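# Observations on the three-dimensional arrangement
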Amino acid sequence: MKRLFNPKKRLLTIILCFIPIFLSGCWDRTEINDLAIVVGVGLDRTDNGEIELSAQIVNPKVIGSAGMNGGGGQGEQQPVIVKTATGKTIYDARSKLQEKTSRRLFEGHNRVIIIGKSLAEAGIRKHIDFFARFPVPRLRANVFFTNGKATDILKVIPSFEDGESAEAARELASLKIGLNVTTKDLLQQLASTSGNTALPRITESKSELGDGLKVNGTAIFKNNKLTGQIDDKVTRGLLWLTDEIETASVTIQPKDAEGYISFKLLRSSTELIPTIKNGKWKMTVQITTEDDVAENETKLDMMDPKTVQKLEKQMEENIDKRIQLVLDEVQTGMEADVFGFGETFERHYPKRWKQAKDKWNEKFPEIEVVIKSDAKIRRPGRSSGPQGVPQEKEKKK
């Protein structure tokens, strides 16, 4: 006679009935209605040495409403709110900011970190430590420097990007017009051999098209403190030197023709080649670039190989001058290694590096730098010759 109930099956049934009790997967959930979503962070230093933390928070009242069109209409609420608090540290200021915010602060969607001049001059390493330890802020957030207060940049309401200055700054970084530095990059640079870094400088922009932001130059940090600034022109040389140039145009005036020719960068690579010979340290900067002709105002025929060779030579001279500008201002003037020379020597000459690393700030300005540029013009654009000029009058050299 068969058993009506199998003991093993009965035990399994009992276990399966109890398992769901211990599987309450949403026990620690946080509803979005309970969060204050931070999309931008500003860091300033008060007169008494405390940290002023500014947080750009998404305004929950206008999420999904017509108010997200940038806040242009009269009486419409702004898409973001900027709140500030001060403290001994960033986390201390954050705790005080939380006290006056009805929702839980959430930095998981933070896009940018703006560092004000007052804090930059005092030193940033110990404060950036917060972003390496606190688990919520993401390391992909872009970092900028501003000559004024960081909170003022966060309060700018751009005409584009739904009125969020944090999103406008992030978009500018993605265009790579200037340096593109993330929180992860900054942490690695501060922990690097030289401990020096460079940050893109962001400022408010006002024009007929409306208010906004723009990346304008670079701030140079030596021993984690602001030591100087360079303009856009010199920044281009820095981008070439550090192999971060992606969006670039080179305009030259040919030596044997009237008018200008503009070139669009297709691709570029920079290689640092260190050598130590007879006690002399030298860095060779090898640059290879390929470009297209974007505009030709001259009467030169871009299909003539001799003309192309002359223009390539002139482009190489142009690139060399840009790099020499940044060497003169940063290597000689500021004596700050933001080029990665120290790390390059360390990889190739580890034993010699150990002997020199403690005096690298003194050694770095003495490094001989040799620039070798190789420019190639790949395509003349949609037209081989200048437009509006009869073919028989095209100038060939």
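Below: a short report on this structure. Here the structure is a predicted model, which is why all the values come from computation and not from measurement. (Residues numbered from 1 in each chain as written. Predicted model: local features only at pLDDT ≥ 70, side-chain atom pairs only at ≥ 80, totals over all residues. Heavy atoms only, no water.)

If you trace the backbone, V215 turns up in strand 8 (residues 210–222). Sequence-distant contacts of V215, defined by excluding residues within four places in its chain, comprise F144, L172, G178, P200, R201 and D232. (Helix = DSSP H or I, 4+ residues; strand = E, 2+ residues; numbered from the N terminus. Contact = heavy atoms within 4.5 Å.)

Here we have four strands laid out as an open sheet, ordered 10-11-12-13, and mixed in their pairing. Because the sheet does not close on itself, it has two edges, and the strands there are strand 10 (249–252) and strand 13 (368–379). Strand-to-strand twist of the sheet, defined as the mean angle between neighbouring strand axes without regard to direction, takes the value 35°. Where strand 11 (residues 261–277) meets strand 12 (residues 280–296), 16 bridges bridge the pair, whose relative direction is antiparallel. When the bridges of strand 12 are listed, I261 appears paired with N296. Strand contacts of helix 8 (residues 232–241): strand 10, strand 11 and strand 12, with the helix running at about 60° to strand 11, the strand carrying the most contacts. Against the sheet, helix 10 (residues 341–348) touches strand 11, strand 12 and strand 13, its axis set at about 50° to strand 11. (Pairing = 2+ DSSP bridges. Axes fitted to C-alpha atoms, helices over the stretch in contact; angles between N-to-C directions.)

Time to look at the packing of helix 2 (residues 90–99) against helix 4 (residues 125–133). Running from amino to carboxyl end, helix 2 crosses helix 4 at an angle of 65°, the nearest separation of the two axes being 9 Å. Residues I90, Y91 and R94 of helix 2 touch helix 4, and the partners they reach there are H127, F130 and F131. Its residues placed into classes, the contact of helix 2 with helix 4 shows four nonpolar, one polar and one charged. (Nonpolar A, V, L, I, M, F, W, Y, C, P; charged D, E, K, R; others polar.)

Let's shift gears to the nonpolar core. In this structure, I115, V330 and F339 are the most contacted members of the largest nonpolar core, which totals 80 residues. If you tally residues by element for this core, the top one is helix 9 (residues 305–334), at nine residues. If you count residues domain by domain, this core takes at least three from each of domain 1 (33–60 + 77–230) and domain 2 (232–385). In this structure, V58, L172, L213 and V215 belong to the second largest nonpolar core, which totals 20 residues. (Core = buried A, V, L, I, M, F, W, Y, C linked by side-chain atoms within 4.5 Å. Buried < 20%, exposed > 50% of the residue type's maximum accessible area, 1.4 Å probe, protein only. Domains from an automatic or database assignment.)

Right, let's talk about the pairing of strand 1 (residues 35–45) for a bit. Of all 11 residues making up strand 1, 10 are buried, and the element is well covered by its neighbours. Taken together, the three bridges between strand 1 and strand 4 (residues 104–106) define a ladder with parallel strand orientation. Looking at strand 4, one finds that I37 is bridged to F106. Pairing of strand 1 with strand 2 (residues 51–58) involves seven bridges; the strand directions are antiparallel. Pairing of G40 across the sheet is with Q56, part of strand 2. If you look at the hairpin formed by strand 1 and strand 2, you'll find five residues sitting between the two strands, and G49 has a positive phi there, around 90°.

Residues D231, D232, D328 and E329 make up a contiguous surface patch of negative charge. Tracing the chain through its elements places D328 in helix 9. Under the relative-accessibility criterion, D328 is labelled partly exposed at 41%. (Patch = residues over 30% accessible without salt bridge, like charges linked within 9 Å, V, L, I, M, F, W, Y side chains within 5 Å. Areas by Shrake-Rupley, 256 points an atom, 1.4 Å probe, with all protein chains shown as cover. Salt bridge = Lys/Arg side-chain N within 4 Å of Asp/Glu carboxyl O. Lys, Arg positive; Asp, Glu negative; His and termini not counted. Charge placed at Lys NZ, Arg CZ, Asp CG, Glu CD.)

Taken together, the side chains of L11, L12, I15, L16 and I19 make up a nonpolar region of the molecular surface, amounting to roughly 460 Å² of accessible area. Secondary-structure assignment places L12 in helix 1 (residues 7–18).

What follows concerns the packing of aromatic side chains. Following the criterion strictly, the structure yields 13 aromatic pairs and no others. Geometrically, the ring pair formed by W360 and F364 is tilted, given 6.0 Å between the ring centres and 50° between the ring planes. Its relative accessible area of 3% is what places W360 among the buried residues. For F364, a relative accessible area of 1% gives the class buried. One aromatic cluster in this structure is built from W281, F339, F341, F345, W353, W360 and F364. (Phe/Tyr/Trp six-rings, centres within 6.5 Å; stacked < 30°, edge-to-face > 60°.)

On to the environment of N223, then. Among the secondary structure elements, N223 is positioned in the loop between strand 8 and strand 9 (225–230). Under the relative-accessibility criterion, N223 is labelled partly exposed at 40%. For N223 and A336, which are 113 residues apart along the polypeptide, the C-alpha to C-alpha distance reads 8.5 Å. With residues near it in sequence (within four places) discarded, N223 still touches G195, N196 and N361.

Right, let's get into unusual backbone geometry. Phi is positive for K176, which is not a glycine, with a value near 55°. Turning to its location among the elements, K176 is positioned in the loop between helix 6 (165–175) and helix 7 (183–190). Although it is not a glycine, E335 sits at a positive phi angle of roughly 55°. Along the chain, E335 falls in the loop between helix 9 and helix 10.

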